[in-house]
Amino acid sequence: MTGALAPIKPLTALDRCDRCGAQAYIRATLPVGGELLFCAHHGRQHVAVLRDKGAEIQDESARLSESPASAPEDER
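Named according to an unreviewed UniProt entry, the protein chain is DUF7455 domain-containing protein originating from Microbispora corallina.

(A) Summary view of the environment of Ile8. In this structure, Ile8 sits in the segment before strand E1 (26–29). Ile8 sits 50 residues away from Gln58 along the chain, and the two C-alpha atoms are 8.1 Å apart.

(B) Summary view of the state of the cysteines. Going through the model one piece at a time under the given rule, you end up with 0 disulfides. Between Cys17, a free cysteine, and Cys20, which holds the nearest cysteine sulfur, the sulfur-to-sulfur gap is 3.8 Å. Of the residues examined, Cys17 reaches a relative accessible area of 5% and is grouped as buried.

(C) Quick look at the sheet that holds strand E2 (residues 35–38). Pairing within the open sheet is antiparallel, and its 3 strands lie in the order E2-E1-E3. In the strand order of this sheet, the two ends are held by E2 and strand E3 (56–59), each with one partner. Across this sheet, the average inter-strand angle for adjacent strands is 15°, counted without regard to direction. Pairing of E1 with E2 involves 4 bridges; the strand directions are antiparallel. By the bridge assignment, Arg27 is partnered in E2 with Leu37. Relative to the sheet, helix H1 (residues 40–52) contacts E1, E2 and E3, its axis offset from that of E2 by approximately 145°.

Cut-offs applied
Residues numbered from 1 in each chain as written. Predicted model: local features only at pLDDT ≥ 70, side-chain atom pairs only at ≥ 80, totals over all residues. Heavy atoms only, no water. Helix = DSSP H or I, 4+ residues; strand = E, 2+ residues; numbered from the N terminus. Disulfide = S-S within 2.5 Å. Buried < 20%, exposed > 50% of the residue type's maximum accessible area, 1.4 Å probe, protein only. Pairing = 2+ DSSP bridges. Axes fitted to C-alpha atoms, helices over the stretch in contact; angles between N-to-C directions. Contact = heavy atoms within 4.5 Å.

As structure tokens, then:
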């Protein structure tokens, strides 16, 4: 084992919250293996406890505040 971290795979629209089924923006990789996915709302509720228990947290919730790209004029 080299100690190198595995590359982080970005969350997509197909990744769903394990609590409510909404789009997931937070991934918690557990120290014993496995992962939990959360929407931003449920992630805020659980991320502190998971981090305290040694989970690696991938938080992409900042994407919620990004401006969407505009469609070209001919596609509107």
